[in-house]
Amino acid sequence: MKSSNRAKREILIRLRKAGAQAQAAKATTYSQWQSDSEPERIERFQTALTANHAEVIKMNCDDIQTSLEKVYQSHDIKRLTVGSNGEFYHSIMQASQKLHIRQFDKEIEYWKSELFSEIDAGVTHSLAGIADTGTIVLWPSISEPRTLSLIPPIHIVLIRQSTITSNFTQLMRSQQWHRKMPTNAVLISGPSKTADIQQTLAYGAHGPSKLIVLLIEDR
């Protein structure tokens, strides 16, 4: 023990004698991977998501209800879970009138079995999108917990085109995350997938097997 303490003291003495000075942090610049015109940014976002086996549907705000109804029909969705609030909440509820809707308004312990075994899809809003990686950014809250996007076999997410940035750094700067950091941010770039030792790719092993993105034109 004495030998160990002596060695530590000698190391500290050498470090102090070295006179190392802390350097000021250097400003870091991040270059965009590609040009940043809005049409190209939207195209990159859609192309990357599609390449990762997500389904992307473009529409305007007036078509949300109709588009959701078509998604429910084409994917045979009968039982849906939704949050209790959100920008497009009214359109979601209007489109889902013919479905069995389970709002996420109780602790999961009270309906865990139903959520895991009976619900067909979950619907969420999004905070933003990242074009260069084809990523959906969710900011879970009490009204829309992250479980909505993680448990049901189909995840349907609504995102405005105007929220899509070129890269993650640009997103944090534009939304000033340093002033209001999220307690939990979820980044999604496609349906859940995994591969075994034989490199056989499987979808839905650890989350939704399908990701459907409603890309809303809002400019």
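A quick note: this is a predicted structure, and the numbers were derived from the prediction, not measured. (Residues numbered from 1 in each chain as written. Predicted model: local features only at pLDDT ≥ 70, side-chain atom pairs only at ≥ 80, totals over all residues. Heavy atoms only, no water.)

The next thing to look at is the overall build of the protein chain. A count of helices and strands for the protein chain gives seven helices and twelve strands. Here the protein chain, with 219 residues, has 37% of them falling under the buried criterion. For the protein chain, the accessible surface area stands at approximately 13500 Å², while carbon and sulfur atoms represent 50% of it. (Helix = DSSP H or I, 4+ residues; strand = E, 2+ residues; numbered from the N terminus. Buried < 20%, exposed > 50% of the residue type's maximum accessible area, 1.4 Å probe, protein only. Areas by Shrake-Rupley, 256 points an atom, 1.4 Å probe, with all protein chains shown as cover.)

Mapping Ser-96 onto the fold places it in the loop between helix H4 (89-95) and strand S3 (100-103). Sequence separation of Ser-96 and Gln-65 is 31 residues, and the distance between their C-alpha atoms is 8.5 Å.

The phi torsion at Asp-76 lies on the positive side, around 55°, for a residue other than glycine. Considering the arrangement of structural elements, one finds Asp-76 in the loop between helix H3 (64-74) and strand S2 (79-82). The backbone of Gln-176 sits at a positive phi, close to 55°, despite the residue not being glycine. In this fold, Gln-176 is placed in the loop between helix H7 (168-174) and strand S9 (186-188).

Before going further, it helps to examine the layout of surface pockets. If you add up the space inside the largest pocket, you get close to 280 Å³. Lining of the largest pocket is provided by 21 residues; of these, His-125, Ser-126, Leu-127, Trp-139 and Glu-144 occupy positions nearest its centre. Of all the secondary structure elements, the ones that give two or more residues to the lining of the largest pocket are strand S4 (121-125) and strand S7 (154-160). It is S7 that contributes the most residues to the lining of the largest pocket, three residues altogether. (1 Å grid on protein atoms, 1.4 Å probe; cavity = no way out; pocket = protein on both sides within 12 Å on 5 of 7 lines; lining within 4 Å. Points joined across faces, edges and corners; volume = space filled by probe spheres on them.)

Going through the model one piece at a time under the given rule, you end up with three aromatic pairs. Their ring planes at 90° and their centres at 5.7 Å tell us that Phe-168 and Trp-177 sit as a pair that is edge-to-face. A network of ring pairs unites the aromatic residues Trp-139, Phe-168 and Trp-177 as a single cluster. (Phe/Tyr/Trp six-rings, centres within 6.5 Å; stacked < 30°, edge-to-face > 60°.)

Formed by 20 residues in total, the largest nonpolar core has its most connected members in Tyr-72, Ile-77 and Ile-156. Those elements that place two or more of their residues in this core are H3, S2, H4, S4, S7 and strand S12 (210-217). No other element matches H3, which puts four residues into this core. Non-local contacts of Tyr-72, meaning those with residues more than four positions away in its chain, are made with Ile-77, Leu-80, Ile-92, Ala-95, Ser-96, Leu-99, Val-123 and Ile-156. (Core = buried A, V, L, I, M, F, W, Y, C linked by side-chain atoms within 4.5 Å. Contact = heavy atoms within 4.5 Å.)

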